[in-house]
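Per-entry structural report
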Amino acid sequence: MADAGSSDGEGSGVGEGEGVGVGVGSGGDSSGETLASGDCDGPGSTVPVGVGCGEGVSSGAGVAPGLGSGVRVGSGAGVGGSGGGVGSGVDGGVGSGGDVGLGVGATVGSGEGVGSGEGVGSGEVVGSGGGVGSAAAAGPGPASVPTGAGRPIPAVTRSTATRVPRRTADCARRVPSPRWVMARMWLPVLVRSITRSSIGPGLIVRSGAHGRRPAANAGAGDEAPRQAPRCRHGRYDHHVTAADPRAVVALDLGTSALKAAVVSLEGRVRGLARVPLPLLLDGEPGRAEQDPLAWWSALVDGVRAARGAAESTGPLQPIAICCVGHGPTLVPTAADGLPVGHAVTWLDQRSGPDVSEVSALVGRSGWTVTLLGCARRVARLGPAADAATAWYLSSWDHLAMRLSGRAAAALQDPADAISPAEATVVGLDDRAAPVPVRAGSRIGELLPGPARELGLPSGLPVVAGANDAIAAFLGAGLTDVGQAIDTGGTSGGFGLYVTGSPSIRGLWTGSAPLPGLRYVGGAMAGTGRALDWLAHGALGDAVAVEALLDEAESVRPGADGLVFLPYLAGERWPLHDPSARGAFVGLTLAHGRGHLARAVIEAAAYAIRHVAAPAVAAGLPFTELHSTGGPAASRAWCQVKADVLGLPVVVPAVTDASLMGAAVLATIGGEAFADELEAMSALVGVAARLEPRREAHEVHDRAFAVYEELGALLARPNAALGPLDSRGAG
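Figured I'd write up the structure that's included with this text. Source: prediction; values computed, not measured.

**Considering the overall build of the chain**
Broken down by element type, the chain carries 17 helices and 28 strands. The buried share of the chain, taken over its 730 residues, is 61%. The contacts in the chain between residues at least 6 apart in sequence include a share of 73% that link residues at least 24 apart. Element-wise, carbon and sulfur atoms account for 56% of the exposed surface of the chain, whose accessible area totals about 25800 Å².

**Describing the side chain of Thr487**
Mapped onto the elements, Thr487 comes out in the loop between β20 (483-486) and β21 (493-498). Of note is the side chain of Thr487, whose polar atom sits 3.0 Å from the backbone nitrogen of Gly493.

**Re the pattern of salt bridges**
Tallied over the full model, the rule gives 26 salt bridges. A salt bridge links Asp560 to Arg556; the shortest N-O distance between them is 2.7 Å. By relative accessible area, Asp560 is classed as partly exposed at 37%. What makes Arg556 exposed here is its relative accessible area of 58%.

**Overview of helix α16 (residues 694-713)**
Counted at 1.5 Å a residue, the expected span for α16 with its 20 residues is 28 Å, and the 29 Å between its end C-alpha atoms agrees. Within α16, the full set of buried residues consists of Ala696, His700, Ala703, Phe704, Tyr707, Leu710 and Gly711. Tucked into the core, α16 has its buried residues touching β24 (563-565), β25 (583-585), α12 (593-617), α13 (635-645) and α17 (715-721).

**Some thoughts on the environment of Val481**
When you line up the elements, Val481 lands in the loop between α9 (468-475) and β20. Residues Val481 and Leu496 lie 15 residues apart in sequence; the distance between their C-alpha atoms is 7.7 Å. In contact with Val481, other than residues within four places in its own chain, are Tyr497, Val498, Thr499, Leu517, Pro621 and Thr623.

**Examining the packing of aromatic side chains**
Under the counting rule described, the total for this entry stands at 11 aromatic pairs. On the basis of an interplanar angle of 55 degrees and a centroid distance of 6.4 Å, the ring pair of Tyr567 and Tyr707 is categorised as tilted. Here Tyr707 lies in helix α16 and Tyr567 lies in the loop between β24 and β25, a separation of 140 residues in the sequence. In this pair, the class of Tyr567 matches that of Tyr707, namely buried. Cluster of aromatic residues (ring-pair linked, three or more members): Tyr567, Tyr606, Phe704 and Tyr707. Between Arg402 and the ring centre of Trp296, over which it is positioned, the NZ or CZ distance is 4.3 Å.

**Looking at the pairing of β20**
Residue alternation in β20 divides its side chains into two sets, Gln483 and Ile485 and Ala484 and Asp486, and both sets are buried. The pairing of β20 with strand β26 (residues 624-627) spans 4 bridges and is classified as parallel. Following the sheet pairing, Asp486 is matched in β26 by Ser627. Judged from the 3 bridges that link them, β20 and β21 form a sheet pairing that is antiparallel. Opposite Ala484, over in β21, you have Leu496 as the bridge partner. If you look at the hairpin formed by β20 and β21, you'll find 6 residues sitting between the two strands, and Gly488 has a positive phi there, around 60 degrees.

**Examining the sheet that holds β20**
Across the sheet, 7 strands lie side by side as β22-β23-β21-β20-β26-β27-β28; this open sheet has mixed pairing. Every other strand in the sheet has two partners, leaving β22 (508-511) and β28 (686-690) as the edge strands with one partner each. Going from strand to strand, the sheet's axes swing by 25 degrees on average, the running direction of each strand aside. Sheet topology places β22 next to strand β23 (residues 518-523); 4 bridges connect them, and they run antiparallel. Looking across to β23, one finds that Trp508 is bridged to Gly521.

**What to know about the environment of Val699**
In this fold, Val699 is placed in helix α16. When the C-alpha atoms of Val699 and Asp643 are compared, they prove to be 9.1 Å apart, with 56 residues separating the residues in sequence. Once you skip the residues sitting within four places of it in the chain, Val699 turns out to touch Pro557 and Gly558.

**Quick word on helix α14 (residues 657-669)**
Taking 1.5 Å of rise per residue, 13 residues should cover 18 Å, and α14 covers 18 Å from first to last C-alpha, within 8% of that figure. One or two positions beyond α14, positive phi appears at Glu671, with a value near 65 degrees.

**Some words on unusual backbone geometry**
With an omega dihedral of 5 degrees, the bond running from Gly327 to Pro328 counts as a cis peptide bond. With respect to the secondary-structure elements, Pro328 resides in the loop between β12 (317-325) and β13 (330-333). Not every positive phi belongs to a glycine, and Ala559 is a case in point at roughly 50 degrees. Within the element layout of this structure, Ala559 appears in the loop between α11 (545-553) and β24. For Glu671, which is not a glycine, the phi torsion comes out positive at approximately 65 degrees. Mapped onto the secondary structure, Glu671 falls in the loop between α14 and α15 (676-683).

Conventions used here
- Residues numbered from 1 in each chain as written.
- Predicted model: local features only at pLDDT ≥ 70, side-chain atom pairs only at ≥ 80, totals over all residues.
- Heavy atoms only, no water.
- Helix = DSSP H or I, 4+ residues; strand = E, 2+ residues; numbered from the N terminus.
- Buried < 20%, exposed > 50% of the residue type's maximum accessible area, 1.4 Å probe, protein only.
- Contact = heavy atoms within 4.5 Å.
- Areas by Shrake-Rupley, 256 points an atom, 1.4 Å probe, with all protein chains shown as cover.
- Polar contact = N/O pair within 3.5 Å; in protein donor to acceptor, adjacent residues only side chain to side chain.
- Salt bridge = Lys/Arg side-chain N within 4 Å of Asp/Glu carboxyl O.
- Expected span 1.5 Å × (residues − 1).
- Phe/Tyr/Trp six-rings, centres within 6.5 Å; stacked < 30°, edge-to-face > 60°.
- Lys NZ or Arg CZ within 6 Å of the ring centre and 35° of its normal.
- Pairing = 2+ DSSP bridges.
- Axes fitted to C-alpha atoms, helices over the stretch in contact; angles between N-to-C directions.

Below you can see the structure in the form of structure tokens.
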């Protein structure tokens, strides 16, 4: 199915004030709240660094000192200084006594909002969806978070750490030395410059990018009350909270980029890096390949950067690593784990005839059969490469073999694997039928060589991954029949949880990553890139994507009679037509750039409805859509989807759902949690739930009927236009 996406949904400006990350970097703040040093009793923190008493001088043990009065820290309410007051709100941070500044990193970013920039010098949202500072502008949440299973997860885990001795208020009269004052001035700048830098070409690094998860019913602007330190008779009680250093390394190999993250066992992304990847489209028509050596280089750079960012926030103990990836993508792999030539990606159109023949020979279809057909074509056309190939692997299995040295076929249901007998029937051998393993199981251990490259401990459990779209079911928090996912990403995709084995004409049916459930759905070809195409291709970078979204939001539903067909890379479901082409239909002189943008984002919603239509017509329950990937960062775009479908749209706290799905699988293989439901309960939260608007839904009903009709009407003209394409495509 589709990859997880090329857009991070980044937003800047959250927690960008002076002193971002001060103090937090010294020990790894897991909650965005700091303790008063010495005699203060405040909410939990992971380091004994906090609000300075008296003159705003923090005396905790951390590297970074407290800030003086009047310093602007992030966008949340800062914990005050003497008197135990709370800071003054949005730009505030001046203690309640009027003479005291903020302590160490009391509020970095927006507190507990998703992707609120809680970590050291982060101040940026990474795919937060509902996070403050994202396009969605959805807000932070409370200290105790209801999860998908309804079990609250405490925002802070208290421990029996050593109690810091009390100090009297006389400590406030201490005058800081000049050396201390200089440290207060320059350490925040140093920390910020290190953690916000880019490492290597195209490598984007975020540290502590996601805070605690908002409540399931949190919407934009919902703010959880913060608890001020408790003061009794001029003295403060201080309890130090020790954070759990355990975390997993999650990898998501997307078509346009590889993402690497270090995720704590409470679902906080402590470090995140994104490395762009090229797609090789030149040469013969229909070619779409990638170099797996570039994957590995991106993986090494991404893991080292994410690991470094995570270590800057406190002690780190990796317990497992797991990779999910795009597919069906085939990688001929040698016995030493190195690739034999290029990977043939899911976008490649040259294996169609082989796939059809293989499907008829084995009597079934599915993406594993697609891989088998692709392997047959590669083996037939490249006998020398075939002789050097030890295994024909999927993208994530190839990277798992490089990490562990073991070849396997990781699946949500091993029963779907290609058997040696099926491989033989189509003219191949058991090299096209690796041993099947269940996603989330332990494949092997991290080899010493890769461990040195990644900076991770040798022997770290390597956990079986899955297709990135399947992993997104887990990372988006889907648990029940009737829940569906919009995968976002480069292509876009739709999947609906069902029971039994319904056969819906035109839809793909497969095993869900949860026992007892299956899914029906399909993947589009280029819906997820349509808005990027408009901004960068059609408009030549004249306007940013974010600005286009703002302009689109000002246009009425239905784009004033303008409809867009998002078939910029042909179309898979529901048309199954590689010759399909995009089109704006209904243009008039009254339409402007905002109308074009509005039509594009509405088309992404129409495409989901188009794929889902056969399931709805068959009477299958469809109760809500979980929106993920880059588009989920825009609240306006998510509202369009709710209006088009006439159903609630749920936005996960971390919209990089495939990446979080990899983290869920890693925690299972790392034996932190017993199964998927327990892991999802701990790691996955909800940022927002958007309800459909009746008037807008009625408008979209009429526009969707036109959209559906146009796809059929333009099939013949598009086929005729293909031969005129000078690139030889179509």
